[in-house]
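Chain residues, written in single-letter form:
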Amino acid sequence: MNLSRREALWVGLGGLAAVATPGAVLAATTEELTSAFTGGAAPGTDGITLAAPEIAENGNTVPVSVSAPGAVAIMLLATGNPEPAVATFTFGPAAGSQMAATRIRLAKTQDVVALAKMADGSVKQAQATVKVTIGGCGG
């Protein structure tokens, strides 16, 4: 295959454009991420615990923990962020407990959703609304 200089330039510019805008290529909605994780199963609400603060004075470091005994995977979503997928935790058979704790960044006041895929194939969901204040003044 022989490329002219002009064709090589267009290929290179296309590659640079793809690298410069990864969010536009990889962005998925909360619904798409949820359906991909659940495989179309309707999530239940029992058997999963999500702990998040009601009010976060600093949206850059919001502590979140989720526990789902018997889970093989847990996915965290922040519905109001430009990229809603926060993290996915996978647990093997040697895991002592099926829980995860982390700090996440929230762009604004929004819902944090935790989905747990259980060993029997069922899916559990928990949700919490976190109000992000501006400068700690409740704005």
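The coordinates are above.
Model, not experiment: these values are computed from the prediction. (Residues numbered from 1 in each chain as written. Predicted model: local features only at pLDDT ≥ 70, side-chain atom pairs only at ≥ 80, totals over all residues. Heavy atoms only, no water.)

Trainee: An account of the overall build of the protein is requested, with residue identities and associated values reported.
Mentor: Counting its secondary structure elements, the protein contains three helices and eight strands. Scanning the protein from its N terminus toward the C terminus, one meets helices and strands in the order α-α-α-β-β-β-β-β-β-β-β. Among the 139 residues that make up the protein, the fraction classed as buried is 29%. Considering only contacts in the protein between residues 6 or more positions apart, those separated by 24 or more positions represent 61%. When the accessible surface of the protein is split by element, carbon and sulfur atoms take 58% of a total near 8400 Å². (Helix = DSSP H or I, 4+ residues; strand = E, 2+ residues; numbered from the N terminus. Buried < 20%, exposed > 50% of the residue type's maximum accessible area, 1.4 Å probe, protein only. Contact = heavy atoms within 4.5 Å. Areas by Shrake-Rupley, 256 points an atom, 1.4 Å probe, with all protein chains shown as cover.)

Trainee: Go over the sheet that holds strand S1 (residues 49–51), please, and point to the residues and values.
Mentor: The strands making up a sheet associate through hydrogen bonds between their backbones, and the pairing can be parallel or antiparallel. Here we have three strands laid out as an open sheet, ordered S1-S3-S6, and antiparallel in their pairing. Of all the strands in the sheet, just S1 and strand S6 (99–104) have a single pairing partner and so form its edges. Strand-to-strand, the axes of this sheet are offset by a mean angle of 15°, without reference to chain direction. Inspection of the sheet shows S1 paired to strand S3 (residues 62–67) by three bridges, in the antiparallel sense. What sits directly across from alanine 51, in S3, is serine 65. (Pairing = 2+ DSSP bridges. Axes fitted to C-alpha atoms, helices over the stretch in contact; angles between N-to-C directions.)

Trainee: Can you explain the nonpolar core? Please cite residues and give values.
Mentor: Most often, soluble globular proteins keep nonpolar side chains buried together rather than apart. Leu50, Leu106 and Val112 are the most contacted members of the largest nonpolar core, which totals 23 residues. Counting only elements with at least two residues in this core, the list comes to S3, strand S4 (71–78), S6, strand S7 (110–118) and strand S8 (123–132). The next biggest cluster of nonpolar side chains, apart from the first, holds eight residues, and it includes Ala73, Met75, Val113 and Leu115. (Core = buried A, V, L, I, M, F, W, Y, C linked by side-chain atoms within 4.5 Å.)

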